[in-house]
Structures are given as structure tokens and as C-alpha cells.
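# Structural description and commentary
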Amino acid sequence: MHELSYATSILNSLLEAVENQKELGRKPLKVSEINLEVGELTLIQMEQLKFAFEVIAEDTICNGMKFNIEYIKPQVQCKDCGYEGDVVPKDEIGVYCPKCNSMHLKIKGGKEFNIKNAILEFDDEE
Ligand SMILES: [Zn+2]
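Since we're looking at a predicted model, the values are computed, not measured.

## Focus on helix 2 (residues 46-56)
Within helix 2, the full set of buried residues consists of M46, L49, A52 and F53. Along the long axis of helix 2, the arc covered by the buried residues comes to 120°, so they all point the same way. Opposite the buried face of helix 2, at more than 90 degrees from it, the exposed residues are E47, F51 and E54. Turning to helix 2, the residues buried within the fold contact helix 1 (2-23), strand 1 (28-39), strand 2 (66-72) and strand 6 (113-122).

The structure is reproduced here in C-alpha cells:
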């Protein structure tokens, strides 16, 4: 399952961030939220990703973490008519130019999968 590998990589990044904070002498109690940027062309099923994450993160500091997801619209450049901008994926395989219906597109955005940041709660905060 594709989503499980994304969930694992998110968990590993978060646990690494938590370790870094510990090395700085802080005491993270909980990772409460994460902000993600997800391109619509990644075709990641976020519900499945969240479910997989809940399972693998159950015994970690990330248990119960909330996902905030910002979806990024696909951006293309059409090689036939020169159109640049948003497209709406019509099916799982392809996107088409909204002006000329060409499939000769250069994908310029929409495949992102970025962790923008995560919100940690600390024991040492007033
Ligand atoms: Zn076009």
C-alpha cells in the first residue's frame, strides 16, 4: 500500500524532529498537528494515509495527531497551444489541456508532497 509508505515517512520525519528537540534540551510531550501540502496529482488517498498513520503511530509521541492538508492544484504548460495554468484531472491516468484538449503537457505542479511544519507541545513551556 502506497499510503503506508507515505505514513511511515511522515512518522520518521516527525520522530527525527522530536529527537532534534530533545538534543536541544527541550521536552516534547506530543506532536499535536501537522501541516501538509499535497499535490492533487499524487493520487494519495488521505483517509487511508491517516488510517495507516494512526496504526503505526499508536505507541509514539505522534498518537492522535491532527492532519491539516492543503491541496495543490495541478499546474501545466501545454506543448501544443501554450496554455499555462490549472487543469482538472479527468481520470487517474491523465490530465488534458482545458483549451485544446491536448495531452502533451508539461506538469509544473501538483505532485508535491511536503511537510510544511508540525506543532509540538512541550513540557517546558509556561
Ligand atoms: Zn493546449
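## As for the sheet that holds strand 6
Sheets are built from strands paired through backbone hydrogen bonds, the pairs being either parallel or antiparallel. Strand order in the open sheet formed by 3 strands is 2-1-6, with mixed pairing between adjacent strands. With partners counted over all chains shown, the strands left at the sheet margins are strand 2 and strand 6, one partner each. Adjacent strand axes in the sheet meet at a mean angle of 15° when their direction is disregarded. Lying on the sheet, helix 2 is in contact with strand 1, strand 2 and strand 6; it crosses strand 2 at an angle near 150°.

## Concerning the coordination of the zinc ion
For a metal with four tetrahedral donors the ideal donor-metal-donor angle is 109.5 degrees, whereas six octahedral donors ideally subtend 90 or 180 degrees. With distances of 2.3 to 2.4 Å, the protein atoms coordinating the zinc ion are C78 (SG), C81 (SG), C97 (SG) and C100 (SG). Taken together, the 4 donor atoms coordinating the zinc ion span angles of 105 to 113° at the metal, a pattern that classifies the geometry as tetrahedral. Donor residues binding the zinc ion come from one chain and are separated in sequence as C-x2-C-x15-C-x2-C. Linking C78 in strand 3 (residues 75-78) with C97 in the loop between strand 4 (84-86) and strand 5 (105-109), this pair joins segments that are 19 residues apart in sequence. Relative accessible area serves as the criterion here: at 4%, C78 is assigned to the buried category.

## Points about the nonpolar core
Grouped together as the largest cluster of nonpolar side chains are 22 residues, with contacts concentrated most on I10, F53 and F67. Of all the secondary-structure elements, those providing two or more residues to this core are helix 1, strand 1, helix 2 and strand 6. Considering every element that reaches this core, the biggest residue donor is helix 1, with 5 residues. Ignoring any residue separated from it by four or fewer positions in sequence, one finds F67 in contact with I10, I34, L36, M46, L49, K50 and F53. If you look at the next biggest cluster of nonpolar residues, it comprises 8 residues, including L41, V76, V87 and C97.

About the thresholds
- Residues numbered from 1 in each chain as written.
- Predicted model: local features only at pLDDT ≥ 70, side-chain atom pairs only at ≥ 80, totals over all residues.
- Heavy atoms only, no water.
- Buried < 20%, exposed > 50% of the residue type's maximum accessible area, 1.4 Å probe, protein only.
- Helix = DSSP H or I, 4+ residues; strand = E, 2+ residues; numbered from the N terminus.
- Arc of directions from axis to C-beta.
- Contact = heavy atoms within 4.5 Å.
- Pairing = 2+ DSSP bridges.
- Axes fitted to C-alpha atoms, helices over the stretch in contact; angles between N-to-C directions.
- Donors = N, O, S within 2.8 Å, 3.2 Å for Na, K, Ca; no water.
- Tetrahedral: all angles 85-135°; square planar, octahedral: opposite > 155°, others 65-115°.
- Core = buried A, V, L, I, M, F, W, Y, C linked by side-chain atoms within 4.5 Å.

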